[in-house]
Amino acid sequence: MFAYDERDAVLLLYGERNSVNLGGREIFSPPPGKLVTRVWKVHNSREVRVSLSEKGSDRETTLLVSPGESVREVGEMVEQPFYFKGELCYVKVYMSSPPPDGGDYPTQRVVCGGEVVYGKDLKPGEFVSVRPFGDLLTLVRSKGWRHQELFVGEDFGGMRKVDEGETVGPVGFSDTLIYRRNDSVLTGSVTIKVDYPVLDVVLWGDLLAVEVIKDYRTPILTYDLLGRKLDEETHDNVLMMDSEGPTLFLTETSFSYRVKVSSKREGRENVILSSGSTQVHVKDVYVQGDVLLHGFLLTKVKEPKGVVVYGYGGFRLPLLPSYNPVHNVLMDDGFSVLITNLRGGYEKGEEWHKAGMLKNKVNVFRDFAQFLEVVKGMGGRTVAMGGSNGGLLVGATLNQRPELVDCAVIGHPVLDMLRYHKLYVGKYWVEEYGDPEDPEMRDYLLSYSPYHNLRGGLPKTFVYTGLNDDRVHPGHGIKYAARSRELGNDVLLFVNDTGHSVADPELRAREYSYVVAFIEECLR
């Protein structure tokens, strides 16, 4: 979702029909065999950027859609299109081959008018985002998920650095550039220090809408440009917010409903779209280890057949109230689900993230084990479940504390910590995990690498991955399953015809069906 104008938002819809909608009317639907995976605002234009992929693939083709007029193709692996001084510009992503000007990859380049104008000095693991405000350019250069630099200029050759921090980004322009640095918003001479981890900031007319994490939910705080707090509005989990003039658009979710899209203007809310609802009992639970941990216990029955303990713990990603179709099916079938907020995420801000990255990564495994211990201590049966970085979490936990797990589900996982940086876009993760080429870091990675620490006697495990996953190489899951079987473990492997995010509803349903079937059979 993004704000197209003061009245309407552009929505990307999934389900029986995949389409792009504007103001309640369809402006684009994909041809057979294709899928719309993302939509973006095209700054300094009335066009809409649409990302199109083959079903199951992570490789995207970018189209520019002029509502009611034309559709034109820009190219493959093209992101963030915008217009600057009359020229079409975009960020070109090189994932599987070097850029034309040479250099290592994966990497990015900024292209304007068909020529590379920025990025020749980008190193693997660094990426950029660009946003123009009229004839003023802003560019954020990110070093993995741990440091960002904000540059401003009137052209790409004259960019100057104005600030840096763990999280830095432009918000808007009102006489001066407004931008975010970590948990503060800077508006010229005014610095607004926010007391909670900041997720997003939007310039909303002459106000600032600031989404934060407070008590593991995401309220929106409203400030004026002088830094005075005007309001605090409760929300479970705001996924996206955007504004155009005096109108603020929100997309949100919760454990009890799939999605709600609304607009807010002059104190009045208008619900544009709402979908999916369920009755679920949500309980905040706290576990005291070496730090105080939080989780959400989701139940629909009084005496569950088992508890699915779900975790992630990395890349500054918080686990907040969110509708998950697999979790809802499992709850309908008599299971409980425990969502765990582990170090490495962002539930308590950047220090919480740092406490679970690099040489602090083992903290994440300890946190997850704490939740499993609580369930086992109460006589419950456990299913340890996680995907991507969460697959690493479950794989490491199985090796270290197999007695805490009855069944394990590992999806699209990172499991070989000595070679992850050599596969696809793994170099982007070096800032999070550490460099296996560094002898000291290599020893640390080897100490917990799920693939290298495999042993016999592990709980029954279901591993699934995607043949077209070009973020986490399917080889991680495939060779892990093969080696675990050689050691005598009961491991099932499912290789789906998907990418990493599995946007296609039919392929996602197939994958989810195998997950649910495995859990039902394992805890029968």
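Values in this document were obtained by computation on a predicted structure and should not be read as measured data.

S.K.: I would appreciate a short explanation of the overall build of the protein in the present structure.
M.R.: Counting secondary structure elements, the protein contains eight helices and 36 strands. The C-alpha atoms of the protein give a radius of gyration of 23 Å, which matches the 24 Å a tight globule of 524 residues would have. Its C-alpha atoms give the protein principal-axis dimensions of roughly 65 × 55 × 50 Å. Within the span of the protein, comprising 524 residues, buried residues form 57% of the whole. Sequence separation of at least 24 residues holds for 51% of the intrachain contacts in the protein that already meet a minimum separation of 6. Summed over its atoms, the accessible surface of the protein is roughly 21700 Å², and 47% of this surface lies on carbon and sulfur atoms. Side-chain charges in the protein split into 61 positive and 73 negative, and the spacing between the mean points of these groups amounts to 3 Å.

S.K.: How do you make sense of the packing of helix 1 (residues 325-332) against helix 8 (residues 505-522) when you look at a structure like this?
M.R.: The relative placement of two packed helices comes down to the angle between their axes together with the axis-to-axis distance. Between helix 1 and helix 8, the shortest axis-to-axis distance is 10 Å and the interhelical angle comes to 35 degrees. Helix-helix and strand crossings are classified by hand; for helix 1 and helix 8 the assignment is right-handed. Judged by residue contacts, P325, V326, V329 and L330 of helix 1 engage Y512, V515, V516 and I519 from helix 8. Class assignment of the residues belonging to the contact of helix 1 with helix 8 gives a composition of eight nonpolar, no polar and no charged.

S.K.: Explain the state of the cysteines here, please?
M.R.: Every disulfide links exactly two cysteines, by a covalent bond between their sulfur atoms. Evaluated as defined, the whole model comprises two disulfides. Each disulfide pairs two cysteine sulfurs, and for C89 the partner residue is C112, the sulfurs being separated by 2.0 Å. Between C89 and C112, the disulfide has an S-S torsion of 115 degrees and is therefore right-handed. Taken together, the residues C89 in strand 10 (residues 87-94) and C112 in strand 11 (residues 107-112) connect sequence positions 23 residues apart. One disulfide in the model links C407 with C522; its S-S distance is 2.0 Å. Sign of the S-S torsion, about -95 degrees for the bond between C407 and C522, identifies this disulfide as left-handed. Highlighted residues: C407 in strand 34 (residues 407-411) and C522 in helix 8, separated in sequence by 115 residues. The exposure class assigned to C407 is buried, which follows from its relative accessible area of 0%. The connectivity of the disulfide bonds within the protein can be written as 1-2, 3-4, using the sequence rank of each bonded cysteine.

Thresholds applied
- Starting afresh in each chain, residues are numbered from 1 along the sequence in its written order.
- Residues qualify for local features only when their pLDDT is at least 70, as the model is predicted, and side-chain atom pairs are given and counted only at 80 or more; totals for whole chains, interfaces and linings, by contrast, use all residues.
- For the side-chain quantities, the full set of heavy atoms in the structure was used; hydrogens and water were omitted.
- Segments assigned H or I by DSSP are reported as helices when at least four residues long, segments assigned E as strands when at least two residues long, and all are numbered from the N terminus.
- Only C-alpha atoms enter the radius of gyration; for comparison, a globular chain is expected to reach 2.2 Å times N to the power 0.38, where N is the number of residues.
- Only protein chains enter the accessibility calculation, which uses a 1.4 Å probe. A residue is then buried if its area is under 20% of the maximum for its type, exposed if over 50%, and partly exposed in between.
- Residues are treated as being in contact if the distance between any of their heavy atoms lies within 4.5 Å.
- Calculation of accessible area relied on Shrake-Rupley with a 1.4 Å probe; when residues are assessed, cover is drawn exclusively from the protein chains displayed.
- Under the counting rule used here, the positive set is Lys and Arg, the negative set is Asp and Glu, and His together with the chain ends is not counted.
- Charge coordinates come from a single atom per side chain, which is NZ of Lys, CZ of Arg, CG of Asp or CD of Glu.
- Every axis in this analysis is a line fitted to C-alpha atoms, fitted for helices over the stretch in contact. Angles between the N-to-C directions lie between 0 and 180 degrees.
- Note: crossing handedness is left-handed where the near helix turns anticlockwise from the far helix by less than a right angle, and right-handed where it turns clockwise.
- Classification used: nonpolar for Ala, Val, Leu, Ile, Met, Phe, Trp, Tyr, Cys and Pro, charged for Asp, Glu, Lys and Arg, polar for all others including Gly.
- Cysteine sulfurs are considered disulfide-paired once they come within 2.5 Å of each other.

All we've got here are geometric facts, nothing functional implied.
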